[in-house]
Amino acid sequence: MSDTPNSPDTPAAANFVRDSVRADNEQGTFGGRVQTRFPPEPNGYLHIGHAKAICVDFGIAEDFSGVCKLRFDDTNPVTEETEYVDAIIDDVRWLGFEPGDVVYASDYFETLYTWAEHLITTGFAYVDDQDGDTISAQRGGYGKPGVESPHRDRPTAENLDLFRRMRAGEFADGSHVLRAKADMQHDNMQLRDPIMYRIRHEHHHRTGDDWVLYPTYDWAHGQSDAIEGVTHSICTLEFDSHRALYDWYLEHSPLPGDQPRQTEFARLELSYTVTSKRKLLQLINDGVVDGWDDPRLPTLRALRRRGYPATAIRAFCDFIGVAKTNSRHQIEMLEWFVRNELNRTALRRMAVLRPVKLVITNWPTGHSESITLQNNPENADDGSREVEFTGEVWIESDDFKAEAPPKYFRLTPGAEVRLRGAYYVKCTGYNTDADGNVTEVLATYDPETRGGSAPDGRKVKATIHWVSTAHAIDITAALYERLFAAEVPGERTGDPFDDLHPNSREIVQGKAEAALAEAAPGQVVQFERLGYFAHDHDQPALFHRTVGLKDEWANVQKRGK
RNA sequence: UCCGGGGUCGUUCAAUGGUAGGACAGCGGGUUUUGGUCCCGCAUAUAGGGGUUCGAGCCCUCUCCCCGGAACCA
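The rules behind each value
- Residues numbered from 1 in each chain as written.
- Chains lettered and ligands numbered in written order.
- Predicted model: local features only at pLDDT ≥ 70, side-chain atom pairs only at ≥ 80, totals over all residues.
- Heavy atoms only, no water.
- Near = heavy atom within 4 Å.
- Polar contact = N/O pair within 3.5 Å; in protein donor to acceptor, adjacent residues only side chain to side chain.
- Helix = DSSP H or I, 4+ residues; strand = E, 2+ residues; numbered from the N terminus.
- Nonpolar A, V, L, I, M, F, W, Y, C, P; charged D, E, K, R; others polar.
- Axes fitted to C-alpha atoms, helices over the stretch in contact; angles between N-to-C directions.
- Parallel < 35°, antiparallel > 145°, perpendicular 65-115°, else oblique.
- Left-handed = near helix turned anticlockwise from the far one by under 90°.
- Contact = heavy atoms within 4.5 Å.
- Pairing = 2+ DSSP bridges.
- Domains from an automatic or database assignment.
- Buried area = accessible area lost by both parts, 1.4 Å probe.
- Salt bridge = Lys/Arg side-chain N within 4 Å of Asp/Glu carboxyl O.
- Buried < 20%, exposed > 50% of the residue type's maximum accessible area, 1.4 Å probe, protein only.
- Phe/Tyr/Trp six-rings, centres within 6.5 Å; stacked < 30°, edge-to-face > 60°.

Student: When you look at the protein's contact with RNA strand B in this model, what are you seeing that I'm missing?
Tutor: Taken together, the neighbourhood of RNA strand B is formed by 69 residues, with Thr75, Arg348, Arg410, Gly451 and Gln526 sitting nearest. The sugar-phosphate share of atoms of RNA strand B within 4 Å of the protein amounts to 59%. Within the backbone of Arg328, an N or O atom sits 3.5 Å from a sugar or linking oxygen of RNA strand B. Here Ser453 contributes a backbone N or O atom positioned 3.5 Å from a base oxygen of RNA strand B. Only helix 5 (132-138), strand 6 (195-199), helix 11 (310-320), strand 11 (328-329), helix 12 (331-345) and helix 13 (552-560) provide two or more residues apiece to the surface near RNA strand B. For the surface near RNA strand B, the per-class residue count stands at 18 nonpolar, 26 polar and 25 charged.

Take a look at the structure:
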């Protein structure tokens, strides 16, 4: 076991949810049993916010040797699709969790229906055939009591008859609903005779056309929990005011076992990020991004494509903990976890993304030699590789300046730097085109410094990366900035789209060492001194910048301004 | 307006009546063949008032601020 926060072995931090589960176990509340569920609605792709929920739901179950099922909350046939179901299962597994079972709220439609009849029979539900606006108006308002429906005291037999005919498809959408007979005066609006069933003549992704009657979330959720034996129903804060209803429904249902308990925690929000399904969909539909797996998106598919390791996401989620405070975590912290993981695991390679040619004027014409470089200084087991060096190499254009600003350690006329693993070179001059752009940097090398150290002990202040022009391969790199330029997108104007970063993706053509041609699809490597880059799954020469390296030089420049 | 949930360094999470601590971010230094990593150090917080107590971030009380709640969405 390691004590680094990024280790998958690190036990998750204590938090109020875990503590309450532990207390339940000690008191024998559920006979020592722990069962949770992760209940996404299959109407969109999972994003980083879901990752936290997944880590909480599956994590708690794991900690107490319980089970966590993946349950699709598919109670609304008009928005839900099978496409999302498959993707969600895939994403959960990618994160590293194996669902105890994959189930659907729609599996329980028949039981739910039976229980609804039970509520009718016991006098706790009735059929209302007023229109939606009327029902809504009768609900009252904050601080104002509601008024009871004229159908509230409909006789049981009539309720049963109407409800069965609703199921049989005799009525039009919106004409009838089944409502709980709770309390129209309750301070909590959720208890003011909520809708249990509505009529939707719609095709359902699993039950097809078997049903025209669909349960609402509140009626379906707690009952599904009870049916499958969930003990701890952990959800996000916005359901807090639903808990009273959750309990009410359970108390009035013929449960097969223990009554599950709902606990709420704060969802994960990230700076510079939107996670609303509606907004994500809009970004795609408006063509701002290419699709659900565009690396600029916070969806799990996108983060995966971008090179975020699942282990880093999990470590982040475990580390930020679980609380009830509404909070927005800084994306910098997530990026720290990503770098921390990749620093240990990513092989180093040299790539030049904005190339300028460096000509070594005293290099023997036509000579080429092989340089041995470590694959990962953090892990000797990753071994080494051979890289060809010649008298003409690509270097990063940022690594040369005709006139050096203060504290600039790289190449400038008269300055000596190390070409990583190869030789010291001293800049002797440069050539420009008619417009004054640097076309070639000229330098001499010191043959005594092979391998990158000088026998006379003299030091250089910079080491720069390089790629032999004769041996370079062409690559394309996608450089991403944050999709939104504001910490809280939409805070100024109410519309996150007003805060879109004007240039969140830059495509550059670069040069790279030959070994990069062997990168596996999806593999993440470090381009030395530049950042971590994920090899695209489909396009062989395309690399997505996962995250840059911490850049002290950029800080120096920023401070100088 | 009513009900509910919150308020601890810049951000976030701890401290469950007994020295307010960690991480990220920031700043300074050391090591370094990545201006990376690593190491060392510095600075910064209990929303406000009253009370209980030997002792309060924690308990009581009043005030202020933030979030959620009146879909036939989840």
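Student: Explain the packing of helix 11 against helix 12 to me, please; I cannot follow it from the model alone.
Tutor: To describe two helices that pack against each other, one gives the angle between their axes and the distance between the axes. Where helix 11 contacts helix 12, the two axes come as close as 9 Å, and the packing angle between them is 135°. Classified by the angle their axes make, helix 11 and helix 12 are oblique. Both helix 11 and helix 12 take part in a crossing whose hand is right-handed. Between helix 11 and helix 12, the residues in contact are Thr311, Ala312, Ala315, Phe316, Phe319 and Ile320 and Met333, Leu334, Phe337, Val338 and Glu341, respectively. In terms of residue class, the contact of helix 11 with helix 12 is made up of nine nonpolar, one polar and one charged.

Student: Explain the pairing of strand 20 (residues 438-445) here, please?
Tutor: Taken together, the four bridges between strand 14 (residues 355-360) and strand 20 define a ladder with parallel strand orientation. Bridging from a neighbouring strand, Ile360 pairs with Ala443 of strand 20. Relative to strand 20, strand 19 (residues 424-432) runs antiparallel, the two being bridged by seven bridges. Across the sheet, Cys427 pairs through a bridge with Ala443, a residue of strand 20. The hairpin formed by strand 19 and strand 20 contains five residues between the paired strands, and Gly436 there has a positive phi angle of roughly 90°.

Student: Even after reading the chapter, I still don't get the packing of helix 1 (residues 16-27) against helix 2 (residues 48-63), so can you show me in this structure?
Tutor: At a minimum axis separation of 11 Å, helix 1 and helix 2 run at an interaxial angle of 35°. Crossing of helix 1 over helix 2 shows right-handed handedness. Taken together, the residues of helix 2 that come into contact with helix 1 (itself represented by Val17, Arg18 and Val21) are Gly59, Ile60 and Asp63. Across the contact of helix 1 with helix 2, the residue classes tally to three nonpolar, one polar and two charged.

Student: Explain the domain arrangement of chain A to me, please; I cannot follow it from the model alone.
Tutor: The extent of an interface is frequently quoted as the accessible surface area lost upon association of the parts. Domain annotation for chain A reports domain 1 (16-265), domain 2 (277-347 + 475-560) and domain 3 (351-465). With centres defined by C-alpha atoms, the gap from domain 1 to domain 2 works out at 36 Å. Across the contact, 24 residues belong to domain 1 and 23 residues belong to domain 2. Both sides together, the interface formed by domain 1 and domain 2 hides about 2300 Å², and carbon and sulfur atoms give 68% of it. For domain 1, the biggest contributors to the area lost against domain 2 are Tyr45, Ile48 and Trp94; these three give 31% of the whole. Summed over the shared surface of domain 1 and domain 2, the number is five salt bridges. Residue Glu264 is joined to Lys324 by a salt bridge in which the shortest nitrogen-to-oxygen separation is 3.5 Å. Here domain 1 is connected to domain 2 by ten residue pairs in polar contact (both at pLDDT 80 or more). With six residues, the top contributor of residues to the side of domain 1 that touches domain 2 is helix 2. Its residues assigned to classes, the side of domain 1 that touches domain 2 comprises 14 nonpolar, three polar and seven charged.

Student: Hey, could you run me through the sheet that holds strand 24 (residues 505-512) in this one?
Tutor: Hydrogen bonds between backbone groups are what pair the strands of a sheet, and the pairing can be parallel or antiparallel. One open sheet accounts for seven strands, arranged 12-25-26-27-23-24-13; its pairing is mixed. This sheet does not close on itself; its edge strands, each paired only once, are strand 12 (347-349) and strand 13 (351-352). Taken together, the eight bridges between strand 23 (residues 473-480) and strand 24 define a ladder with antiparallel strand orientation. Bridge pairing in strand 24 links Ala477 to Val508. Together, strand 12, strand 25 (524-527), strand 26 (531-535) and strand 27 (542-548) form the strand contacts of helix 12, whose direction differs from that of strand 27 by roughly 120°.

Student: Help me out: how do you make sense of helix 11 in this one?
Tutor: Structurally, the α-helix is built with 3.6 residues per turn, so residues lying three or four positions apart point the same way. Regarding helix 11, the residues found buried are Ala310, Ala312, Ile313, Ala315, Phe316, Cys317 and Ile320. Structurally, helix 11 contributes buried residues whose contacts are with helix 2, helix 3 (82-95), strand 10 (269-270), helix 10 (300-306), strand 11 and helix 12. Following helix 11 by one or two positions, Gly321 has its phi on the positive side, about 75°.

Student: What's the story with the packing of aromatic side chains in this structure? I'm lost.
Tutor: In this description, an aromatic ring pair is defined by two values, namely the gap between the centres and the angle between the planes. This model, assessed by the stated rule, comprises 26 aromatic pairs. Ring centres 5.1 Å apart and planes at 70° place the aromatic pair Trp219 and Tyr249 in the edge-to-face group. On the criterion of sequence distance, the pair formed by Trp219 in helix 7 (residues 217-228) and Tyr249 in helix 8 (residues 243-251) is long-range, its members being 30 residues apart. Like Tyr249, Trp219 is buried. Their ring planes at 55° and their centres at 5.6 Å tell us that Phe527 and Phe543 sit as a pair that is tilted. Remark: Phe543 occurs in strand 27 and Phe527 occurs in strand 25; sequence separation between them is 16 residues. Comparing Phe527 with Phe543 shows no difference in burial state: the two are buried.

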